[in-house]
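Next come the chains, spelled out residue by residue.
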Amino acid sequence: MNGLDLEVITRALPWLAQGLQYTVQLTCVAALGGIALGTILALARLSSHPVVAGVAAGYVNLMRSVPLLLVIFWFYFLVPLGLQWVTGAGSPPRVGAERSAYVTFILFEAAYFCEIVRAGIVSVGAGQQSAARALGLDRIQVLVHVILPQAFRNMLPVLLTQAIILFQDVSLVSLLNVTDFVGAAGKIAQRDGRVVEMYLFVALVYLVLCSAASALVRRWQRTHSIGRHPETAR
Amino acid sequence: MTMISLDAVSKWYGTFKVLDACTTAIERGEVVVICGPSGSGKSTLIKCINALEPFQQGTIRVDGVSVGDPNTDLARLRARVGMVFQHFELFPHLSVLDNLNLAQVRVLGRSRDAASERSLALLQRVGLRDQATKFPAQLSGGQQQRVAIARALSMDPIAMLFDEPTSALDPEMIVEVLDVMSTLAQEGMTMLCVTHEMGFARRVANRVIFMDHGAIVEDVTKDAFFDDPTARSVRAQTFLSKILQH
Ligand SMILES: Nc1ncnc2c1ncn2[C@@H]1O[C@H](COP(=O)(O)OP(=O)(O)OP(=O)(O)O)[C@@H](O)[C@H]1O
Ligand SMILES: [Mg+2]
């Protein structure tokens with residue numbers, strides 16, 4: 001075991017690719033689901049109804065105060081029990097950490113996305129809302145056609161940053177023996193005794209993917225910033 | 001025929017009385033200018049007319065529909081009353097054409113083609129047909145405000161409310177916006193304008209309302225307001241002499 005054995009990586013590529021696919025898939029589903037649920041939570045937090053706003057705020061604060069790892073463990077046990085309760089089955093179904101992780105991350109990330117979306121909505125001036133309502137649009141139309149498109153545009157960089165953090169956090173599921181990208185690399189590293197090569201490679205892939213994602217968004221911002229104007233962007 | 005009527009309308013922000021028993025009526029085709037010192041409640045008054053702000057006492061009717069009635073479909077009412085804001089409030093993420101199309105399609109249920117046809121005709125009217133594909137940020141302030149007027153007109157409103165439509169504009173752009181408003185008035189649109197453009201008021205208005213501390217202090221014909229100093233309160237005289245100096 002002297003020097004770096006790069007061949008161990010080539011040999012493990014199909015296996016690693018499978019792990020990476022799971023990681024990417026979990027990240028995308030959790031980001032989209034988290035943004036959707038987070039938007040609903042954000043609207044609830046901004047609601048003038050005190051109970052609705054309070055429940056949403058409580059949920060967000062709870063999720064944000066508990067370490068992610070703990071939440072992952074919780075849902076690993078809770079999701080089967082929840083499903084049993086919903087379906088009325090005699091015993092908890094075997095869900096497996098791979099699948100319970102989807103629920104975990106959507107519910108956990110929603111709390112973070114909620115705060116981002118809420119800031120984004122608030123960043124759209126009150127005048128826009130007045131103008132939209134003055135045209136006869138109803139509440140939902142105002143949100144969908146006027147407020148949210150501008151809010152998402154304003155918060156895109158922060159959303160992406162959060163998604164990149166999520167992409168990295170997903171690796172925690174490997175602690176439940178799930179074969180995500182890190183989990184897959186870890187298994188090879190143990191089996192072949194090639195810890196350095198495997199973890200260097202994993203780090204490199206993370207670096208490339210995250211940098212690429214950031215660059216993509218910077219470009220998107222440049223080409224889509226045309227609708228902004230200092231006067232209307234007050 | 002009365003288009004807009006206010007009967008003893010009062011409104012409070014907490015314990016602060018913003019509107020104090022305001023009563024007036026605007027006839028169909030009439031142009032009424034509202035002026036008064038900052039904080040006197042001008043914006044609040046016109047926002048109550050299309051229910052952007054609630055009020056606690058009195059009655060407002062627009063074309064016979066009671067604005068304060070909980071059974072009134074407010075979105076529908078707003079769709080029939082055009083409003084133009086000081087800061088234009090065009091939707092920055094939509095092209096000029098889509099700014100005009102949005103409510104026509106979503107609220108009036110027009111097809112996209114029918115809406116576009118109407119929009120382009122209105123843009124032509126405000127002299128901006130060639131700017132239809134641009135985004136608001138690419139236009140000058142005066143152009144943006146003309147687009148905003150066209151957007152309000154795209155709903156075929158029965159009346160138009162203006163809240164200081166020129167006070168965020170450079171002097172050379174004020175004229176182009178006032179021209180559009182004058183034409184609109186000549187065509188018989190019912191208009192309620194908060195503005196300190198006294199030249200415009202003199203040329204176009206039928207009546208001038210002067211507000212102070214939430215109350216309508218004066219509500220007189222244009223000629224009485226400008227040419228008959230004895231007909232005016234001291235408060236209005238002081239205000240007028242201040243703004244006419246500029
Ligand atoms: N949301 C609010 N909450 C509390 N007070 C308010 C609110 N909006 C306006 N006010 C107060 O109500 C009063 C009337 O405001 P309004 O905007 O109608 O005045 P205005 O005549 O339009 O003044 P300006 O010429 O400055 O536009 C002001 O004293 C203002 O501070
Ligand atoms: Mg005002």
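Residues numbered from 1 in each chain as written. Chains lettered and ligands numbered in written order. Predicted model: local features only at pLDDT ≥ 70, side-chain atom pairs only at ≥ 80, totals over all residues. Heavy atoms only, no water.

J.: Is there a simple way to explain the overall build of chain A in this structure?
T.: When you go through chain A residue by residue, the secondary structure sums to eight helices and zero strands. For chain A, the α and β elements follow one another from N to C terminus as α-α-α-α-α-α-α-α. Overall, chain A is about 70 × 50 × 25 Å in size when its C-alpha atoms are taken along their principal axes. By residue count, 42% of the 234 residues in chain A fall in the buried class. Of all intrachain contacts in chain A linking residues separated by at least 6 positions in sequence, the fraction that spans at least 24 positions is 75%. Here chain A has roughly 12,300 Å² of accessible surface; of this, 67% comes from carbon and sulfur atoms. Computed over 17 positive and 11 negative side-chain charges, the inter-centroid distance for chain A is 10 Å. (Helix = DSSP H or I, 4+ residues; strand = E, 2+ residues; numbered from the N terminus. Buried < 20%, exposed > 50% of the residue type's maximum accessible area, 1.4 Å probe, protein only. Contact = heavy atoms within 4.5 Å. Areas by Shrake-Rupley, 256 points an atom, 1.4 Å probe, with all protein chains shown as cover. Lys, Arg positive; Asp, Glu negative; His and termini not counted. Charge placed at Lys NZ, Arg CZ, Asp CG, Glu CD.)

J.: I keep staring at the nonpolar core and nothing clicks. Help me out?
T.: General note: in soluble globular proteins, nonpolar side chains tend to be found buried as a group. By size, the foremost hydrophobic cluster in this structure holds 83 residues, and its most contacted members are Phe105 of chain A together with Ile60 of chain B. Broken down by element, this core gets its largest block of residues, 12 residues, from helix 4 (residues 97-123) of chain A. Setting aside anything within four residues of it in sequence, one finds Phe105 of chain A in contact with Leu26, Ala30, Leu68, Ile72, Ala110, Leu166, Asp169, Val170 and Val173 of chain A. In terms of nonpolar packing, the next biggest core, distinct from the first, is built from 48 residues, Cys35, Cys193, Val208 and Phe226 of chain B among them. (Core = buried A, V, L, I, M, F, W, Y, C linked by side-chain atoms within 4.5 Å.)

J.: Would you mind showing me how to read the interface of chain B and chain A here?
T.: Accessible area lost when the parts come together is the quantity often used to give the size of an interface. Counting residues at the interface gives 27 residues for chain B and 23 residues for chain A. Here chain B meets chain A over a buried area of about 2,400 Å², counting both sides, of which 63% is carbon and sulfur. Where chain B meets chain A, there are five residue pairs in polar contact (both at pLDDT 80 or more). When the residues that make up the side of chain B that touches chain A are grouped by side-chain class, the tally is 18 nonpolar, five polar and four charged. (Buried area = accessible area lost by both parts, 1.4 Å probe. Polar contact = N/O pair within 3.5 Å; in protein donor to acceptor, adjacent residues only side chain to side chain. Nonpolar A, V, L, I, M, F, W, Y, C, P; charged D, E, K, R; others polar.)

J.: What should I look at first to understand the pattern of salt bridges in this one?
T.: Any two side chains of opposite charge can pair if their charged atoms end up close together. Residues and elements named next belong to chain B. In the structure shown here, the tally under the stated rule is 16 salt bridges over all chains. For Arg118, the salt bridge is made with Asp156, and the minimal N-O distance between the two is 2.7 Å. On the criterion of sequence distance, the pair formed by Arg118 in helix 4 (residues 112-125) and Asp156 in the loop between helix 5 (141-153) and strand 7 (159-163) is long-range, its members being 38 residues apart. Judged by relative accessible area, Arg118 falls into the partly exposed class, the value being 28%. With a relative accessible area of 39%, Asp156 lands in the partly exposed category. Where Glu176 meets Arg146, a salt bridge forms, and the shortest distance between an N and an O atom there is 3.0 Å. Placement of Glu176 in helix 6 (residues 171-186) and of Arg146 in helix 5 is noted, with a sequence separation of 30 residues between them. (Salt bridge = Lys/Arg side-chain N within 4 Å of Asp/Glu carboxyl O.)

J.: Mind showing me how you'd approach the environment of Val124 of chain A here?
T.: All names here are of chain A. Structurally, Val124 can be placed in the loop between helix 4 and helix 5 (126-134). The class for Val124 is buried, based on a relative accessible area of 9%. In the structure, Val124 is positioned 104 residues away from Leu20 in sequence and 37 Å away in space, judged by C-alpha atoms.

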